[in-house]
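Chain by chain, the residues:
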Amino acid sequence: MTVIKYGDTDPTTWTAVGMDLTGCTVRLMARDRAARATPIELPAVIIDQPGGVVQWTPDGLLPVGSYEVELEVTRTSDGLIVTFPNDGFGRLTVSPDIR
């Protein structure tokens, strides 16, 4: 589980465990757990291809709440799509700031 405060802009990382991301594209998708709203894409970049690590830098505007998160990986060579985690969801919590 990843926890950030509202307004934070410090990068966070997510991992496609066991997958080399060389030659892949990624989409980090999140949706509010309570509202089950339409998922939003959090802009992510691959920072460690062999290790399967991507980074998302928050813009500080994601509303306070609890989110389900998936990392969708597309292999550009054949279009294969793999979603991580493949059992359940990652978790992201945006906590209120003291301001």
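Here is a short report on the structure shown in this document. Source: prediction; values computed, not measured.

1. A look at unusual backbone geometry
Here comes step 1: With an omega of -10°, the peptide bond running from Phe 84 to Pro 85 counts as cis.
Here comes step 2: By secondary structure assignment, the location of Pro 85 is in the loop between β8 (81–84) and β9 (90–95).
Here comes step 3: Positive phi, normally seen in glycine, also occurs at Arg 36, with a value near 50°.
Here comes step 4: Among the secondary structure elements, Arg 36 is positioned in the loop between β3 (24–32) and β4 (40–42).

2. Focus on a nonpolar patch on the surface
Here comes step 1: Nonpolar side chains collect at one region of the surface, where Tyr 6, Leu 61 and Val 64 lie side by side and expose about 280 Å² of accessible area between them.
Here comes step 2: Overall, Leu 61 belongs to the exposed group, its relative accessible area being 57%.

3. Let's talk about the nonpolar core
Here comes step 1: Among the nonpolar cores identified, the biggest contains 21 residues, and Leu 21, Leu 28, Trp 56, Leu 71, Val 73 and Leu 92 are the most heavily contacted of them.
Here comes step 2: Ignoring sequence-local partners within four residues, the contact set of Leu 92 consists of Thr 2, Ile 4, Trp 14, Leu 42, Trp 56, Leu 62, Gly 65, Ser 66, Tyr 67 and Val 69.

4. Observations concerning the environment of Val 69
Here comes step 1: Within the secondary structure, Val 69 is located in strand β7 (residues 65–75).
Here comes step 2: Measuring from C-alpha to C-alpha, the distance between Val 69 and Arg 91 comes to 5.7 Å, with 22 residues separating the pair along the chain.
Here comes step 3: Every residue in contact with Val 69, bar those within four places of it in the chain, is listed here: Trp 14, Leu 28, Met 29, Ala 30, Pro 85, Phe 89, Gly 90 and Leu 92.

5. A look at the pattern of salt bridges
Here comes step 1: Applying the stated criterion across every chain, the model contains 6 salt bridges.
Here comes step 2: Of the charged contacts in the structure, one is a salt bridge between Glu 72 and Arg 27, with a shortest N-O distance of 3.3 Å. Highlighted residues: Glu 72 in strand β7 and Arg 27 in strand β3, separated in sequence by 45 residues.
Here comes step 3: Since its relative accessible area comes to 22%, Glu 72 is described here as partly exposed.

6. Remarks on the pairing of strand β6 (residues 53–56)
Here comes step 1: Here strand β2 (residues 12–15) pairs with β6 via 4 bridges, running antiparallel. Looking at β6, one finds that Thr 12 is bridged to Trp 56.
Here comes step 2: As judged from the 4 bridges shared by strand β5 (residues 44–48) and β6, these two strands associate in the antiparallel manner. Residue Ile 46 lies in a different strand from β6, and its bridge partner there is Val 54.

How each quantity is defined
Residues numbered from 1 in each chain as written. Predicted model: local features only at pLDDT ≥ 70, side-chain atom pairs only at ≥ 80, totals over all residues. Heavy atoms only, no water. Helix = DSSP H or I, 4+ residues; strand = E, 2+ residues; numbered from the N terminus. Patch = residues over 30% accessible without salt bridge, like charges linked within 9 Å, V, L, I, M, F, W, Y side chains within 5 Å. Areas by Shrake-Rupley, 256 points an atom, 1.4 Å probe, with all protein chains shown as cover. Salt bridge = Lys/Arg side-chain N within 4 Å of Asp/Glu carboxyl O. Buried < 20%, exposed > 50% of the residue type's maximum accessible area, 1.4 Å probe, protein only. Core = buried A, V, L, I, M, F, W, Y, C linked by side-chain atoms within 4.5 Å. Contact = heavy atoms within 4.5 Å. Pairing = 2+ DSSP bridges.

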